[in-house]
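Descriptive analysis of the structure
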Amino acid sequence: MSSTGNTDVTDLVREALGAYSDDAAARAALEGYARRLDEPLRVAVAGMVKAGKSTLLNAVIGEEIAPTDAGECTKVVTWYRYRDTPRITLHPVDGEPRGLPVKRAGGRLVFDLGATRAEQVERLVVDWPAKGLRDLTLIDTPGIASLSGDVSARSTNFLTPQDAPSEADAVVYLMRHLHATDLKFLEAFKDTAAGKSGTVNALAVLSRADEIGAGRIDSLLSAGEIAERYRRDGTLRSLALGVVPIAGLLAQSARTLRQSEFIALQELAKLDRSERERMLLSADRFARPTAGLKAGPEVRAALLERFGMFGIRLSAALIRGGISEPTALAHELARRSGLDDLLGLMSGQFQARAAQLKARTALAGVEALLRERPRAGTERVAALLERIQAGAHEFRELRLLATARTTGLDLPKELAAEAERLIGGRGMLPALRLALPEDTPSETLRAEALACLRRWRTLAENPMTDRTAAETCQIVVRSCEAVLAGLPDASAPRPTVRLVLGAEPGVGAGQQADQQRCTG
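This write-up is about the structure you can find in this document. Every value quoted in this text rests on a predicted model; they were computed, and no experiment measured them.

Glancing now at the overall build of the chain. A tally of regular secondary structure across the chain gives 22 helices and eleven strands. Residues counted as buried form 49% of the 520 residues belonging to the chain. Of the contacts formed within the chain by residues at least 6 apart in sequence, a portion of 72% connects residues at least 24 apart. In the form shown here, the chain has an accessible surface area of approximately 25200 Å², with 51% of it arising from carbon and sulfur atoms.

Take a look at the structure:
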């Protein structure tokens, strides 16, 4: 969203604070919206029990800091934020926040709640100096459809409150298969006060994708076919911007690969293929004592816990294929796990729209406040709200994208697909909007954007185009104009570099010698 648009929303919240200065509850809500405009985007990780939420969160962060066992902490909403100094803060349902000790065991962060039960905790906040948290605040949520109703309620109450915007700006939703419960949650998230602004702000993840093929090395290919089928599903398409298959355990281990693990995997890769396949027939067989292997049973059991059968098979194949150092293996495992695709989607669909998603939350909150607590003196607030909602092109794009994903656009099929892409349905980068490779030169991007602009402007101005379709075309035209405005101007004068062959006035002897060496 443009800086001008952000300023307008900030002004709106400031005006509303003035109008509700004597209402403590309203002021608290508005001050929260104001803070959110300046904070990183909030992305929640949600899904049913055992979907692999904490494992995926660790993969995205790049460190094992989210607990993945079935302890009390997995029943609590936990925020992960960037800070230079590690800190864990427990916010109780009743009482003042208090710090928890920062402890690690086996490389993993340990949360010690002491005598406090999960139901007594409103949230945990983990401040951590991880690069993956610089631009995103990630929120781990308890399992949806848990056998414990209290556990499920913590997630649904947090993500889909009845009378206020969700505290999450967007959600990554994990599912092992598409169930009615998954669709019900995604529909509820879209229908929150923030979602009513007409926004699809969820990504679906087909988690634990390696298990679909029983750990075979081609498991993710099978998972990819299922994900593509889900992407074409009309119901899910209206609720999620994309569906990504991911082997979460492998993604986490790839991002945290250790030198000792690489050495053990190298040893396994050097075994005769038939011997290695016999070992990988079952977990028990893989971990049993084997003569001649330096990687003993405990080491192999740890590998199995960290990588799974799929990860061990894939690692061995990659090492045998020529990978000879751990960094290269980690990068290739992350790519093949599906993590790179997910991070790309999160960047293109969430982070690139961060300003709009945060502003949308503030607008929805102010709108709800005006509706539920009307009072004299809010006319200016209402007028400013209406002007922002009607005038910001970024919001028109989001609403049109939601229409494209739900009822569909009143255009021929091919034009509708092109319109959805040009307004950012595949991502916000110019190349993604124009269906060109990401490394396409700016001159080529400009030529294609101009061609799209001319085509859609002609459609918009055609007297045979009905009113609804013409309004859609006008939004697409504005998107093409925005792409062009964001590209370097090929006609602008290029900076020139002056080659200095001799000493400039005032140049010292040492500097002159340097220049002569550089120009000689």
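Continuing now.
Moving on, we come to empty space enclosed by the protein. Enumeration according to the criterion identifies one cavity of 30 Å³ or more in this entry. Its boundaries defined by the atoms lining it, the largest cavity holds a volume of some 40 Å³. Lining the largest cavity we find Val45, Leu56, Val60, Leu138, Val172, Leu342 and Met346. Those elements that place two or more of their residues in the lining of the largest cavity are helix H3 (53-61) and helix H14 (339-350).

The next thing to look at is the pattern of salt bridges. For the structure on display, the rule yields 33 salt bridges. In this structure, Arg14 and Asp11 form a salt bridge, with 2.7 Å as the shortest nitrogen-oxygen distance. In this pair, Arg14 and Asp11 both sit in helix H1 (residues 3-19), three residues apart, roughly one turn of the helix. Taking the relative accessible area as the measure of exposure, Arg14 reaches 51% and is therefore exposed.

Our focus in this paragraph is the pairing of strand S9 (residues 170-175). Counting buried positions along S9 gives six out of six residues, so the element sits mostly inside the fold. The alternating pattern of S9 places Ala170, Val172 and Leu174 on one face and Val171, Tyr173 and Met175 on the opposite face, and all of these are buried. Pairing of strand S1 (residues 41-47) with S9 involves five bridges; the strand directions are parallel. Across the sheet, Val45 pairs through a bridge with Val172, a residue of S9. Where S9 and strand S10 (residues 202-206) come together, five bridges link them in parallel fashion. Paired with Met175 across the two strands is Leu206, which belongs to S10.

If you check the backbone angles, Lys50 has positive phi at about 70 degrees while not being a glycine. With respect to the helices and strands, Lys50 occurs in the loop between S1 and H3. Classification of Lys50 as exposed rests on a relative accessible area of 53%. Although it is not a glycine, Arg208 sits at a positive phi angle of roughly 50 degrees. The residue Arg208 is located in the loop between S10 and helix H6 (219-232) in this model.

Conventions adopted
- Residues numbered from 1 in each chain as written.
- Predicted model: local features only at pLDDT ≥ 70, side-chain atom pairs only at ≥ 80, totals over all residues.
- Heavy atoms only, no water.
- Helix = DSSP H or I, 4+ residues; strand = E, 2+ residues; numbered from the N terminus.
- Buried < 20%, exposed > 50% of the residue type's maximum accessible area, 1.4 Å probe, protein only.
- Contact = heavy atoms within 4.5 Å.
- Areas by Shrake-Rupley, 256 points an atom, 1.4 Å probe, with all protein chains shown as cover.
- 1 Å grid on protein atoms, 1.4 Å probe; cavity = no way out; pocket = protein on both sides within 12 Å on 5 of 7 lines; lining within 4 Å.
- Points joined across faces, edges and corners; volume = space filled by probe spheres on them.
- Salt bridge = Lys/Arg side-chain N within 4 Å of Asp/Glu carboxyl O.
- Pairing = 2+ DSSP bridges.

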